[in-house]
Amino acid sequence: MTAARGDTVGIVGAGTFGTALAVALARAGRAVVLYTRTPAVAAAIATTRRCPRLPDVEVPASVRVVDDARALAAAARFLVVAVTSTDVGARLAELGGVVDGSHLIVHAIGALAAPDDVRVSELIERTTPVLRAGVLAGPALPRDLAGGQFASMVVASAFDEVVTEARRLLNLPPALRLYGSHDVVGVELASALAGAYTAALGLADGAGVGVGPRAVLITRACAEAARLIEAMGGAARTFTGLAGLGNLLVRAGAEDDPDYALGRALARGVPLPSRTTEGARAAVTALRLAERARVRMPLLRGLAAVLAGRVSVADAARLAADTVADEE
């Protein structure tokens, strides 16, 4: 029997998180439609029940896979956008032609949208007719989510209906617990900054720093992230919640996390084909926001300089430490 449109979750993006969320929801008996713009990927999942981005996880047969955005919009009122920050502009432009004011959209993108450094919720409002949007963030690693491990996330929106519907459709205790917030600015920036500081902790761990300096780095990251969030209109304490600190602690140690792996590789001098992870992009874009808002962020500045190849890891650490000693 076909599930009601209001009880179906539509997921945009068959990447690791989108696929893992689809798997977790389907195992809990939720109706799920997974959208990918690539017909070959849709065909592969439909045929093999394996996603190329998460090949060791079986996708339940109840997950309907489509490569037609119009079919997604017709099947589900509640949509989760889980694509990269460089792709989200094109995907939202595509969705803008098929969704209407009845749809609710939350995004799970831990970076600002390229190329204009805007928050993704702002981009949703600009490019789609959707009237109510929000953000989903927190410590839920794709493999933990797909494996039924304990995970928690927060959904933030200015609209109570978005929070209520997200919790009704995505809350899967004990595998996934969903909390609500109205601090959209804080959660979006905390999620992006958590990715950037995950790369910074990868640098520290790759360089072999001790537990003391590592703890200092984490606490200083919390302080400077709070300053930027507050300057941008969010609540300073939000970074110490699930979207920020919670996200950072679970990712900074996960060997398969792209941002953490990038930091470790840079510290060890390992040649890399690319330095453009979401956390790296978040570091650069958040630093631009901080400069415009006149917020001092020595850790983020040092990370951005290392990512750009302008300074060594050791020099960046010394500069950040000197600045923090004067400032804090």
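The coordinates are above.
Below you will find a few notes about this structure. (Residues numbered from 1 in each chain as written. Predicted model: local features only at pLDDT ≥ 70, side-chain atom pairs only at ≥ 80, totals over all residues. Heavy atoms only, no water.)

As a further point, take the packing of aromatic side chains. This structure, assessed with the given rule, holds one aromatic pair. Seen from their ring centres, tyrosine 197 and phenylalanine 239 are 6.0 Å apart, and the 85 degrees between their planes marks the pair as edge-to-face. Of the two residues, tyrosine 197 is situated in helix α8 (residues 184-206) and phenylalanine 239 in the loop between α9 (211-231) and α10 (242-251); the sequence distance between them amounts to 42 residues. The residues tyrosine 197 and phenylalanine 239 share a single accessibility class, namely buried. (Phe/Tyr/Trp six-rings, centres within 6.5 Å; stacked < 30°, edge-to-face > 60°. Helix = DSSP H or I, 4+ residues; strand = E, 2+ residues; numbered from the N terminus. Buried < 20%, exposed > 50% of the residue type's maximum accessible area, 1.4 Å probe, protein only.)

Before going further, it helps to spend a moment on the pattern of salt bridges. Taken as a whole and judged by the stated rule, the model has 19 salt bridges. In this structure, arginine 301 engages glutamate 291 in a salt bridge whose closest nitrogen and oxygen atoms are separated by 3.3 Å. Placement of arginine 301 in helix α13 (residues 298-307) and of glutamate 291 in helix α12 (residues 278-293) is noted, with a sequence separation of 10 residues between them. Residue glutamate 291 is classed as partly exposed on the basis of its relative accessible area of 44%. Linked through salt bridges whose partners overlap, the residues forming this network are Asp7, Arg77, Arg132, Glu161, Glu165 and Arg168. (Salt bridge = Lys/Arg side-chain N within 4 Å of Asp/Glu carboxyl O.)

Contact geometry for α8 and α9: axes closest at 10 Å, N-to-C directions at 155 degrees. By the angle between their directions, the pair α8 and α9 is classed as roughly antiparallel. α8 and α9 meet at a crossing whose hand is right-handed. Counted together, Gly186, Leu189, Ala190, Leu193, Tyr197, Ala200, Leu201, Ala204 and Asp205 of α8 and Arg214, Leu217, Ile218, Ala221, Glu224, Ala225, Leu228 and Ile229 of α9 form the full contact between these two elements. (Axes fitted to C-alpha atoms, helices over the stretch in contact; angles between N-to-C directions. Parallel < 35°, antiparallel > 145°, perpendicular 65-115°, else oblique. Left-handed = near helix turned anticlockwise from the far one by under 90°. Contact = heavy atoms within 4.5 Å.)

Inspection of the secondary structure puts histidine 107 in strand β7 (residues 104-107). A relative accessible area of 1% places histidine 107 in the buried class. When sequence neighbours within four positions are dropped, the list of residues in contact with histidine 107 reads Val81, Val120, Ser121, Ile124, Gly134, Val135, Leu136 and Glu188.

It is worth spelling out the pairing of strand β1 (residues 8-12) at this point. Taken across its five residues, β1 has five buried, putting it largely inside the fold. Neither face of β1 is open: one carries Thr8, Gly10 and Val12, the other Val9 and Ile11, and all of them are buried. Bridge count between β1 and strand β2 (residues 31-35): five bridges; the pairing is parallel. Each bridged residue has a counterpart across the sheet, and for glycine 10 the counterpart in β2 is valine 33. Each parallel crossover has a hand, and the one from β1 via helix α1 (residues 16-27) to β2 is right-handed. In the sheet, β1 pairs with strand β6 (residues 78-81) via four bridges, with the strands oriented parallel. Directly across from valine 12, in β6, lies its bridge partner valine 81. (Pairing = 2+ DSSP bridges. Right-handed = clockwise from strand over helix to strand, strands pointing away.)

Attention now moves to the sheet that holds strand β8 (residues 132-137). Where strands meet in a sheet, backbone hydrogen bonds hold them as pairs that are either parallel or antiparallel. The strand order across the open sheet built from eight strands is β5-β2-β1-β6-β7-β8-β9-β10, with neighbouring strands paired in mixed fashion. Strands at the two margins of the open sheet, each flanked by one partner only, are β5 (64-66) and β10 (176-181). When strand polarity is set aside, the average angle formed by the axes of neighbouring strands in this sheet is 25 degrees. Here three bridges tie β2 to β5, and the two strands are oriented parallel to one another. Across the sheet, the residue bridging to valine 33 is arginine 64, located in β5. The sheet contacts of α8 involve β7, β8, β9 (151-156) and β10, and relative to β8 the element is tilted by about 40 degrees.

Within a regular beta strand, the side chains point alternately toward one face of the sheet and then the other, so they alternate between its two faces. Counting buried residues in β2 gives five out of five residues, a clear majority hidden from the surface. By the alternation rule, side chains of β2 split into Ala31, Val33 and Tyr35 and Val32 and Leu34, which are all buried.

The next thing to look at is unusual backbone geometry. With an omega dihedral of 5 degrees, the bond running from proline 173 to proline 174 counts as a cis peptide bond. For proline 174, the location among the structural elements is in the loop between α7 (160-170) and β10. Here the phi dihedral of arginine 294 falls at roughly 60 degrees; this positive angle occurs in a residue that is not glycine. Mapped onto the secondary structure, arginine 294 falls in the loop between α12 and α13.

The biggest cluster of nonpolar side chains holds 52 residues, and the ones touching the most others in it are Leu193, Tyr197, Leu228, Phe239, Met297, Leu300 and Leu303. Every element with two or more residues in this core is listed here: β8, β9, α8, α9, α10, α11 (258-267), α12 and α13. The dominant element in this core, judged by the number of residues it contributes, is α8, at 15 residues. Those residues in contact with leucine 303 that lie beyond four places of it in its chain are Ala196, Ala199, Ala200, Leu203 and Ala283. By size, the runner-up hydrophobic cluster in this structure holds 41 residues, among which are Ala20, Val23, Leu25 and Leu170. (Core = buried A, V, L, I, M, F, W, Y, C linked by side-chain atoms within 4.5 Å.)

Note that valine 106 resides in strand β7. For valine 106, a relative accessible area of 0% puts it in the buried group. Between the C-alpha atom of valine 106 and that of valine 162, which follows or precedes it by 56 residues, the distance is 7.9 Å. Beyond its immediate stretch of four places on either side in the chain, valine 106 contacts Phe78, Leu79, Val80, Val81, Gly134, Val135, Leu136, Val155 and Val162.

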